[in-house]
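Analysis of the macromolecular model
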Amino acid sequence: GDHRDLHSFPTRRSSDPQAVGRTLIINGHTFTIVGVAPAGFTGTTLGARPQVFVPISMRAVVQPGFRASRFERRQDYWVYVFGRRKPEVSLEQATVALNGLYRPIINDVEAPLQEGMSDQTLQRFREKVLTVEAGPQGQSSVHAEASTPLWMLFGVTGVVLLIACANIANLLLARGAGRAAEMGVRLALGATRRQLLSLLLTESVLLALLGGLASLVVAQWTLTFIGSLMPSDVIDTLRFELQPSVVLFAAGLSLATGVLFGLFPALHSTRDDLIGVIRAGAGQLTGGRAATRFRAALVTVQITLSTALLVSAGLFLKSLLNVSRVELGMDVAPFATFSLAPSRAGYDTTRAGVYFARIEEELGSLPGVTAVTSSWVPLLSGSNWGTDVRVQGFEDGPDVDDNSRLNVVGAGYFATLGVSLLRGRDFDASDILGAQQVAIVNETFARKFNLGDEVVGSFMGQGDSLDTQIIGLIPDIKYSDVKDTVPPVFYTPWRQATRHGEMYFYVKGSLPPEQLLGAIRDVVTRVDPTVPVEELKTMPQQIRENVFLDRMISILSASFAVLATLLAAVGLYGVLAYSVTQRTREIGVRMALGANGRAVQGLVMRQVLGMTAAGAVLGIGAAVVLGRAARSLLYGLQPHDPVVFAASVAVLVLVALIAGWLPARRAALVDPMQALRYD
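This section reports on the structure supplied with the text.

What follows covers the overall build of the protein. For the protein, the helix and strand inventory stands at 20 helices and 15 strands. The buried share of the protein, taken over its 679 residues, is 40%. Of all intrachain contacts in the protein linking residues separated by at least 6 positions in sequence, the fraction that spans at least 24 positions is 77%. Entry remark: accessible area of the protein is about 36,200 Å², with carbon and sulfur atoms responsible for 59%.

Spelled out as structure tokens, the structure:
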């Protein structure tokens, strides 16, 4: 029958009734299509977008490096279970029913298999119960990991929205004061207050909807920018595009803000004191004390929120600076990296080992390439491999932590990465299958297992035997994450491994990055075009992806803080400019009575400093709360860092003084004679 390779098979086959019965070749194995999933179905694991579903019993066939023996080992936990409840069965009832089946299994089957547990730990193991949770969101740790940063960004966005709305309310108040006489005449001619409220609210809602429409364009730009900060696997998982629900949310939010923040200006502009409004003059601006206080309060709130955002942005930027200064313990800047999985092209273990060796040789012969090495666990990618170990001289026992991270690497791995061994030697070409099994450990491993000065020459092993000799000690270098503390790690040479799955390569060269990446792809294609190059990138790019969350939060929070500060400055300028216009006669009288320009300018600047001081004090309090909430996202500093707080307040005061200087200067230049004739 018709068969296709997975790489050439279309991702959407639901419209093809002939798909069932055809065959697919996956990693050199033939599979028969027995069904077609509906469009949009991606399984129960958030973040995975499979094109093909296979029986779980075939995992060892389709996944390189997965051992079939893991099916037989009951202590090997890697399956997530989903079940559908009957409509009449509640979650609590399902929990009780399942635990009735689970308790005999855990006590009669699982407990006797556990080894190395104390009586207390074994008792806790026997008391374990199944936790049944609702499954609409699928199986993923993304919800927990992304919760804090998403709520943080959502809150920052809300703060910026409040500042923008406060500005709009101020502008509507000023506009309403200018139209006070018009509203008074309309009321005098028979218009009802309800009609005028409808007119003014329609204007504010229309303004908000137009802003919401423009925001969709800005939102798409922002999503595109955020996508550029994300790792490739996140980009493949999440859709950085506007969804219909988001558009509806934006429309509803625009409508709500238009009504809420246009209501007070509308009420104030249609108040009932007609005689006073009309007598106030056909053009004189008179907003009333209540409106003046309200405008000042809005500006103070804006300054408060801007202070909080500036401090938060400062904390995240300093945290990102600390992350960028982390000492990795190795020089990876000139490297490119990629992965190969020849087993997906039908290679067995023996052929895969020969293939990896040839790839290293071919890459090393490229002009401009100075070194090549490899590893099973990719550097600084968030991947962790761990196992329990036995170490010579280390007393094991119940509840003793004997776990260590591991990596399987190529010859000259540490020399290639610029890591100098503290003792012993690096792996070389003689460390092959059949020779004495060897390992190199880091300082944390040596401390944890009490190896002391006798680390080189000691024996260790995975399982019950001590069959691996430690031949070297390296300083602690970063393993899976830039920010994490270095765990105990031991390294073994991949040429001594009995199986070969996926391998990550590191190529050091003097070529420009684009040229080096292209040369790598050419070499792999020349050796075997059926093995695809995956995750091809530079190591600096890999490091940026490893700390993408820090970069994203820092850049976005800084952008929001700058925007919020500018909006607050505009609001402050608008209120002061309007206040100066309102007080033109008062200023003229003051100057006619002997006040000079400096005194008048000082009058306005004192108003600036008063609002700024009040807003800054309240903002610092809000920033302390935000900092504590974001403590888990900060690296290398406390959420109440005094330098960040002082710098943020200084920036805010400077911006406020600049925003207030122009109205103050204009007030100082008022001509007393013209001011006294001012209508």
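Turning our eyes to something else, we now look at helix 2 (residues 91-110). If you look at helix 2, its biggest bend is around 30°, right at Gly100, and the proline Pro104 turns up within four residues after that. For helix 2, the full list of buried residues reads Ala94, Asn99, Tyr102, Ile106, Asn107 and Glu110. For helix 2, the secondary structure elements touched by its buried residues are helix 3 (119-126).

Right, let's talk about the packing of aromatic side chains for a bit. For any pair of aromatic rings, geometry is given as the distance between the ring centres together with the angle between the planes. All chains considered together, the criterion is met by 16 aromatic pairs. When the centroid spacing of 5.8 Å and the interplanar angle of 85° are considered together, the rings of Trp151 and Phe154 count as edge-to-face. In this pair, Trp151 and Phe154 both sit in helix 4 (residues 142-178), three residues apart, roughly one turn of the helix. Taken individually, Trp151 and Phe154 each receive the classification exposed, so the pair is uniform in this respect. Taking the ring centre of Trp78 as reference, the NZ or CZ of Arg59 above it sits at 4.6 Å.

Generally speaking, a soluble globular protein has its nonpolar side chains buried in company with each other. Counting 50 residues, the largest nonpolar core has Leu309, Phe316, Met552 and Leu572 as its most contacted members. The element best represented in this core is helix 16 (residues 548-582), accounting for twelve residues. Setting aside residues no more than four positions away along its own chain, Leu572 makes contact with Val299, Val608, Met611, Ala656 and Ala659.

Even without a glycine there, the phi angle at Leu380 is positive, about 50°. Looking at the element boundaries, Leu380 is found in the loop between strand 5 (369-375) and strand 6 (386-388). The backbone phi angle of Glu535 is positive, close to 55°, even though this residue is not glycine. Tracing the backbone through its elements, the reader meets Glu535 in strand 15 (residues 534-538). The exposure class of Glu535 is partly exposed, given its relative accessible area of 42%.

Position of Val486 relative to the elements: it lies in the loop between strand 12 (468-474) and strand 13 (489-493). As a C-alpha pair, Val486 and Arg405 span 81 residues in sequence and 9.8 Å in three-dimensional space. Residues contacting Val486, with those up to four places away along its chain left out, are Asn442, Thr444, Asp476, Ile477 and Lys478.

Right, let's get into helix 11 (residues 349-364). With 16 residues, helix 11 should reach 22 Å at 1.5 Å per residue; the first-to-last C-alpha distance of 23 Å fits that figure. For helix 11, the secondary structure elements touched by its buried residues are strand 4 (335-340), strand 5, strand 14 (503-509) and helix 14 (513-527). Structurally, the start of helix 11 carries an N-cap: the backbone nitrogen of Thr350 is 3.3 Å from a side-chain oxygen of Asp348.

Attention shifts here to the pattern of salt bridges. Scanning all chains against the criterion turns up twelve salt bridges. The salt bridge partner of Arg358 is Glu362, with a shortest N-O separation of 3.8 Å. Here Arg358 and its partner Glu362 are both found in helix 11, four residues apart, which amounts to about one turn of the helix. Salt bridges here are not isolated pairs; linked through shared partners, they connect Arg358, Glu362 and Arg526.

A surface patch of nonpolar side chains, about 550 Å² in accessible area, is lined by Trp151, Phe154, Leu161, Phe249 and Leu253. For the nonpolar patch, the secondary-structure elements that each account for two or more residues are helix 4 and helix 8 (244-269). Here the nonpolar patch takes three residues from helix 4, the largest share from any one element. Relative to the helices and strands, Phe249 is located in helix 8.

This brings us to the side chain of Ser319. Tracing the backbone shows Ser319 in helix 10 (residues 288-324). A distance of 2.8 Å separates the side chain of Ser319 from the backbone nitrogen of Tyr635, its partner in a polar contact. Beyond its immediate chain neighbours, meaning those up to four positions away, Ser319 contacts Asp550, Leu633, Leu634, Tyr635 and Leu637.

Time to look at the environment of Leu209. With respect to the element layout, Leu209 can be found in helix 6 (residues 193-229). Separated by 43 residues in sequence, Leu209 and Gly252 place their C-alpha atoms 9.2 Å apart. Ignoring any residue separated from it by four or fewer positions in sequence, one finds Leu209 in contact with Ala251, Ser254 and Leu255.

One can describe the packing of helix 11 onto helix 14 by two numbers: an axis separation of 10 Å at closest approach and a directional angle of 135°. Here helix 11 is positioned oblique relative to helix 14, judged by the angle of their axes. The two elements helix 11 and helix 14 cross, and the hand of that crossing is right-handed. Of the residues in helix 14, those in contact with Tyr355, Arg358, Ile359, Glu362 and Leu363 of helix 11 are Ile520, Val523, Val524, Arg526 and Val527. The class makeup of the residues in the contact of helix 11 with helix 14 is seven nonpolar, no polar and three charged.

With that settled, consider the environment of Ala614. Structurally, the position occupied by Ala614 is in helix 18 (residues 597-629). For Ala614, a relative accessible area of 34% corresponds to the partly exposed category. Taking C-alpha positions, Ala614 is 7.8 Å from Thr304, a pair spaced 310 residues apart along the chain. Residue contacts for Ala614: discarding those within four places in its chain leaves Thr300 and Thr304.

Calculation rules
Residues numbered from 1 in each chain as written. Predicted model: local features only at pLDDT ≥ 70, side-chain atom pairs only at ≥ 80, totals over all residues. Heavy atoms only, no water. Helix = DSSP H or I, 4+ residues; strand = E, 2+ residues; numbered from the N terminus. Buried < 20%, exposed > 50% of the residue type's maximum accessible area, 1.4 Å probe, protein only. Contact = heavy atoms within 4.5 Å. Areas by Shrake-Rupley, 256 points an atom, 1.4 Å probe, with all protein chains shown as cover. Bend = angle between axes of the 7 residues up to and from the residue. Phe/Tyr/Trp six-rings, centres within 6.5 Å; stacked < 30°, edge-to-face > 60°. Lys NZ or Arg CZ within 6 Å of the ring centre and 35° of its normal. Core = buried A, V, L, I, M, F, W, Y, C linked by side-chain atoms within 4.5 Å. Expected span 1.5 Å × (residues − 1). Polar contact = N/O pair within 3.5 Å; in protein donor to acceptor, adjacent residues only side chain to side chain. Salt bridge = Lys/Arg side-chain N within 4 Å of Asp/Glu carboxyl O. Patch = residues over 30% accessible without salt bridge, like charges linked within 9 Å, V, L, I, M, F, W, Y side chains within 5 Å. Axes fitted to C-alpha atoms, helices over the stretch in contact; angles between N-to-C directions. Parallel < 35°, antiparallel > 145°, perpendicular 65-115°, else oblique. Left-handed = near helix turned anticlockwise from the far one by under 90°. Nonpolar A, V, L, I, M, F, W, Y, C, P; charged D, E, K, R; others polar.

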